[in-house]
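As a plain string of letters, each chain reads:
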Amino acid sequence: MVYSLLTNKNALHSMKGEYKFMKKKAIKIAASTAVAASAFVAAAPVNKADAAVNLDQIVQDAQNAGTVLKWAISVEGSADYVTRPYAQYNAAKKAIDAADKALKGASASDKLKYEARLTDPKIQVKRAQAYIDAITSSEKIKELTANLNAAVKSDDIEKVETAYHKATAEYRKQSALLDRVYGQSTRDGIRNAVKPALEKLVAELKNDVTVNMLAKGAAADVKAGKTAEAGKKIAEAQAILDANVLKWETSLQKSVDDVLTSLPLGVTSVSRVNDTSVVVSLNKPVVAVAASEFTFDNGLVATSAVLGADKKTVTLTTTKQAAGKTYTVTYKGTTAQFVTPVDPAGNVSIDQAEVHAETTQGIALVATFKTKQGTANNNPVDVTVPAGYKVTSVNGATKAIASGTTEQVSPVDGQIVVVVTADDVDTPATGKKVKFEQLTGATGTVVETKESGKLNFYKLDDVEDLTATTGKVEYVDAANNYFVANTGHKYLLKSSGNIYQDTNNTVITLDALKAKLSKGDVVTGQYAKDSSSVLKLALDLVATAEFELDQELEENTTAFRVAGNTITFSGSGEAGKTISIYDVTKLRPVAQTKVNSNNKWEVTVPVDPTIVAGVDFSVRQAASVNEIAPDYAAGLAGATTPLKVIAGTFKTNGVAPVAALSGAADASLNGDKFTYTIDPALGDKVVVDGTSSITLTDGDLTKATFTNGVNNTKIEKVTDTTFSITFGGPVSIGGGDGKLTGSLTVSDVVGVKNEYNLKLSTSGMVNIFGY
């Protein structure tokens with residue numbers, strides 16, 4: 001009767017309720033029956049008639065063994081989350097191997113028929129492997145929990161920290177194995193037996209361990225003279241202590257207080273409120289402050305200081321801050337910087353939306369140019385077409401601008417219309433922009449630069465076999481029924497005639513496919529533009545589909561550049577999910593934040609300015625809300641391509657500028673030319689805007705500003721690493737005695753930057769003299 005139950009699916013289901021009390025015993029008997037049947041068939045005589053019968057029986061035995069295994073790893077069967085079903089697993093593997101060997105001599109039609117019957121037993125073997133691995137993993141998690149509990153009982157925070165790090169690191173690896181178990185109820189049963197206990201313990205200890213680490217790190221920073229870093233760690237530790245009740249609160253508070261006592265008073269950060277107000281954060285409380293204790297560079301002055309209720313924040317009122325300028329505040333020998341926003345030029349406008357088309361189509365770009373007074377500006381414009389693209393017409397007339405070249409174009413009534421296409425109809429061109437540079441004249445300097453949005457030209461394929469590699473989705477346009485994969489190739493989704501499947505091989509509708517399909521998914525199958533396609537959603541990355549990073553490289557650059565020693569990453573994502581920032585070399589997250597309810601996120605991380613080659617960062621959104629961030633490794637699912645970030649000031653080489661004087665020294669700058677060389681340490685290339693200016697200050701605080709193109713002053717790029725200033729008359733001068741005399745300090749430079757758009761710092765510019 002047991003054998004008939006296993007070989008007749010309908011009978012099994014109909015009698016399931018009646019024989020529930022016999023289920024476990026029946027499964028055990030069936031396993032031995034399947035093995036015995038396998039051995040019996042293998043010994044049978046071989047002739048054509050018997051061979052067909054034997055082959056059918058061997059395959060049936062494999063199916064029976066697979067069914068037994070299926071119930072052994074299911075909570076609806078005999079699965080108890082503890083016992084590893086080795087006997088059923090080995091019996092199924094043996095029966096399947098016997099069937100595979102028997103099929104080697106079978107006809108093509110028999111192979112197709114019987115291999116289809118072997119699909120489910122083989123699936124059960126894979127699921128059993130995951131089930132057995134999960135039991136092993138659950139035992140390891142229990143051991144981690146026990147070790148961490150033992151450390152807690154020792155009442156030694158250092159032992160707790162060691163056990164905590166070991167537990168959380170190993171947990172990330174082991175919990176992944178639990179998630180591979182097939183069947184929601186079985187998977188939940190294994191996970192719920194071990195995960196909640198460790199997760200609860202980790203959550204309870206997280207704040208204690210974090211404060212202990214911060215206190216030790218701050219103490220090390222104080223010894224190394226890194227007072228600003230120490231102050232930030234102490235502030236973070238104290239904030240955790242203030243907001244939570246900790247198990248080792250008394251000893252941890254003492255550790256924090258001891259470091260705070262040893263910490264020299266200083267500023268940790270400064271943030272701009274508006275153009276006449278900033279807030280300075282101190283590393284420890286003070287009794288009182290005075291505005292005179294805070295000094296700024298670039299002529300900014302603190303006029304009042306108000307100490308906050310926490311005794312560690314100071315609101316400073318300042319004189320008016322200039323736009324687009326970096327200011328440094330100094331307090332008790334420590335410094336911090338802030339940057340004021342740049343006033344937008346607003347004289348060049350172009351649609352910056354991303355556009356998608358086919359390689360046989362054209363995209364029209366409209367750029368509008370105005371003077372500062374708002375009238376049409378018809379000065380020449382350099383139009384740069386990136387490699388892989390070309391311009392076929394300008395302002396309605398046929399005109400070619402070749403791929404990867406720049407050509408000067410004259411606006412008509414302040415407007416330029418160019419039609420852009422792919423350079424080759426058989427080659428996709430994606431992700432690049434057309435650049436427009438407004439000039440002061442035919443041979444003039446650049447006044448303003450704007451780029452179009454990203455232009456994407458996709459190759460429409462006729463027939464394609466999509467694989468796990470070529471079918472990775474790069475873009476989806478659900479409204480227009482297509483997706484892009486295989487590096488810029490376009491695939492149409494038809495509402496009729498095509499067959500679509502989900503990850504479980506279930507046939508689904510086009511609308512259901514489009515609802516699931518997103519960037520990062522994988523589509524496999526046979527695609528045909530003009531006939532029926534069979535497409536399967538082989539990988540559905542729902543968790544990371546809406547994750548985006550704002551930061552990207554400028555064209556022709558290999559790194560992202562910051563002037564200070566931090567970078568603020570930002571982007572979009574799924575509300576509530578955790579964003580992890582990875583330092584690729586450290587193989588672990590260095591910062592985390594949550595995606596806001598408006599689907600935006602932002603987090604600031606340090607960048608080591610001593611690493612001249614730059615630091616590689618990768619960013620990842622958690623697969624689930626409560627996921628513990630995994631260690632970084634090559635190919636970490638959902639992580640962005642590493643972005644190289646270089647920290648360092650864009651400055652000159654600190655050498656006195658080369659002077660070309662107009663005749664003998666006459667104590668007048670008029671007509672004198674000075675050439676500065678850029679510091680070669682970071683490989684910066686100089687860029688000079690047409691509206692650049694320089695401000696000089698002498699010993700009696702006379703200050704004068706000279707602007708390019710005004711009163712015969714000329715500021716221009718000489719080589720990639722040098723720029724020159726030919727002085728004419730100043731556009732403004734005041735203070736002191738109203739005359740520039742003696743050694744002149746460069747107090748500000750506007751419009752001179754590097755290829756990463758970083759403003760030139762005046763800190764490395766040697767004084768001008770001998771003019």
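Residues numbered from 1 in each chain as written. Predicted model: local features only at pLDDT ≥ 70, side-chain atom pairs only at ≥ 80, totals over all residues. Heavy atoms only, no water.

Considering the overall build of the protein
For the record, the criterion: For helices the rule is a DSSP run of H or I covering at least 4 residues; for strands it is a run of E covering at least 2, with both sets numbered from the N terminus onward. Here's how the labels work: a residue is buried when its accessible area is under 20% of the maximum for its type, exposed when over 50%, partly exposed in between, all with a 1.4 Å probe on protein chains only. The criterion used for residue contact is that any of the two residues' heavy atoms lie within 4.5 Å.
Counting its regular elements, the protein contains eleven helices and 43 strands. Counting only residues that meet the buried cut, the protein has 43% of its 771 residues in that class. Taking the intrachain contacts of the protein between residues at least 6 apart in sequence as the baseline, contacts between residues at least 24 apart amount to 64%.

A closer look at the nonpolar core
What counts here: Buried Ala, Val, Leu, Ile, Met, Phe, Trp, Tyr and Cys residues form a nonpolar core when they are joined through side-chain atoms within 4.5 Å.
Counting residues in hydrophobic clusters, the biggest one holds 59 residues, and the most contacted among them are Leu 148, Val 160, Leu 198, Leu 205 and Val 211. Every element with two or more residues in this core is listed here: α4 (48-72), α5 (86-103), α6 (108-153), α7 (157-178), α8 (184-223), α9 (227-243) and α10 (249-262). At 13 residues, the largest contribution of residues to this core is made by α6. With residues up to four places along the chain from it excluded, the contact list for Leu 148 reads Val 160, Ala 163, Tyr 164, Ala 167, Leu 198, Leu 201, Val 202 and Leu 205.

Digging into α8
Two residues of an α-helix separated by three or four positions point the same way, owing to the 3.6 residues in each turn. Stated formally: A residue's bend is simply the angle between two axes: one fitted to the seven residues ending at it, one to the seven starting at it.
For α8, the principal kink sits at Asn 192 and spans about 45°; a proline, Pro 196, occurs within the next four residues. Immediately downstream of α8, the backbone of Gly 225 shows phi near 80°, a positive value.

Structural notes on unusual backbone geometry
Unusually for a residue other than glycine, Asn 481 sits at a positive phi of about 55°. At Asn 505, a position not held by glycine, the phi torsion is positive, near 70°. With respect to the helices and strands, the residue Asn 505 is situated in the loop between β24 (499-501) and β25 (507-508). For Asn 505, a relative accessible area of 45% gives the class partly exposed.

Description of the packing of aromatic side chains
Here is the rule we go by: Two rings from Phe, Tyr or Trp (for Trp, the six-membered ring) form a pair when their centres sit within 6.5 Å of each other. Planes less than 30 degrees apart are called stacked, planes more than 60 degrees apart edge-to-face, and all others tilted. Any Lys NZ or Arg CZ that is within 6 Å of a ring centre and within 35 degrees of that ring's normal is treated as a charge sitting over the ring.
Counted by the stated rule, this structure contains twelve aromatic pairs. One residue, Arg 127, lies across the ring of Tyr 182, its end atom 3.2 Å from the ring centre. Just above the ring of Trp 248 sits the side chain of Lys 247; from NZ or CZ to the centre is 5.5 Å.

Notes on empty space enclosed by the protein
For the record, the criterion: Cavities and pockets were defined on a 1 Å grid built from protein atoms only: a cavity is a group of points that admits a 1.4 Å probe but offers it no way out, a pocket is an open group of points flanked by protein on both sides within 12 Å along at least five of seven lines, and a lining residue is one with an atom within 4 Å of any such point. Grid points are joined across faces, edges and corners, and a volume is the space filled by probe spheres set on the points. Polar here means any residue outside two lists: the nonpolar Ala, Val, Leu, Ile, Met, Phe, Trp, Tyr, Cys and Pro, and the charged Asp, Glu, Lys and Arg; Gly therefore counts as polar.
Scanning the model with the defined rule gives two cavities of 30 Å³ or more in all. Roughly 30 Å³ of internal volume is contained in the second largest cavity. Looking at the second largest cavity, the residues that line it are Ala 167, Thr 168, Tyr 171, Leu 198, Glu 199, Val 202 and Ile 628. Of all the secondary structure elements, the ones that give two or more residues to the lining of the second largest cavity are α7 and α8. Taken together, the residues of the lining of the second largest cavity sort by class into five nonpolar, one polar and one charged.

Topic: α9
We apply this condition: The length a helix should cover is 1.5 Å for every residue beyond the first.
The terminal C-alpha atoms of α9 lie 24 Å apart, and with 17 residues this matches the ideal 24 Å at 1.5 Å per residue to within 8%. In this structure, the buried residues of α9 make contact with α8, α10, β1 (267-274) and β7 (334-339).

Observations concerning the sheet that holds β7
Convention followed: Here a strand pair is declared whenever DSSP counts at least two bridges between the two strands.
Judged by pairing direction, the sheet is antiparallel, and its three strands sit side by side in the order β3-β6-β7 without closing on themselves. Looking at the sheet topology across the chains shown, the edges are occupied by β3 (295-296) and β7. By the bridge criterion, six bridges tie strand β6 (residues 326-331) to β7 in an arrangement that is antiparallel. In the sheet register, Val 329 faces β7, and the bridge partner there is Ala 336.

Focus: the sheet that holds strand β28 (residues 548-549)
Sheet architecture is open: three strands sit in the order β28-β30-β33, paired in antiparallel fashion. Looking at the sheet topology across the chains shown, the edges are occupied by β28 and β33 (600-606). Note that β28 and strand β30 (residues 566-572) share two bridges and pair antiparallel. For Glu 548, the partnering residue across the bridge sits in β30 and is Ser 572.

Details of the environment of Lys 685
Turning to its location among the elements, Lys 685 is positioned in the loop between β37 (673-677) and β38 (686-697). Here Lys 685 falls in the partly exposed class, since its relative accessible area comes to 43%. For the pair Lys 685 and Tyr 756, spaced 71 residues apart in the sequence, the C-alpha separation amounts to 8.8 Å. Apart from the residues within four sequence positions on either side, Lys 685 is in contact with Asp 720, Lys 753, Asn 754 and Glu 755.

Considering the pairing of strand β35 (residues 643-647)
The buried count for β35 comes to four of five residues, which makes it a mostly enclosed element. Both strand β29 (residues 560-562) and β35 contribute to a ladder of three bridges, which runs parallel. In the sheet register, Val 562 faces β35, and the bridge partner there is Ala 647. In the sheet, strand β34 (residues 615-621) pairs with β35 via three bridges, with the strands oriented antiparallel. The residue bridging Phe 617 from the neighbouring strand is Leu 643, located in β35.

Considerations on the side chain of Lys 284
Where we set the bar: The positive count covers Lys and Arg only, the negative count covers Asp and Glu only, and His and the chain ends enter neither. Criterion for a salt bridge: a side-chain nitrogen of Lys or Arg within 4 Å of a carboxyl oxygen of Asp or Glu. N or O atoms closer than or at 3.5 Å make up a polar contact, with two conditions inside protein: a donor-capable atom paired with an acceptor-capable one, and, for residues adjacent in sequence, both atoms drawn from side chains.
As for its placement among the helices and strands, Lys 284 is situated in the loop between β2 (277-282) and β3. Despite its burial, Lys 284 pairs with no opposite charge, the nearest such side chain being Asp 257 at 10 Å. Engagement of the side chain of Lys 284 in a polar contact is seen with the backbone oxygen of Leu 260, the distance being 2.9 Å. Those residues in contact with Lys 284 that sit more than four places away from it in its chain are Leu 260, Thr 261, Leu 263, Pro 264, Leu 265, Lys 311 and Lys 312.

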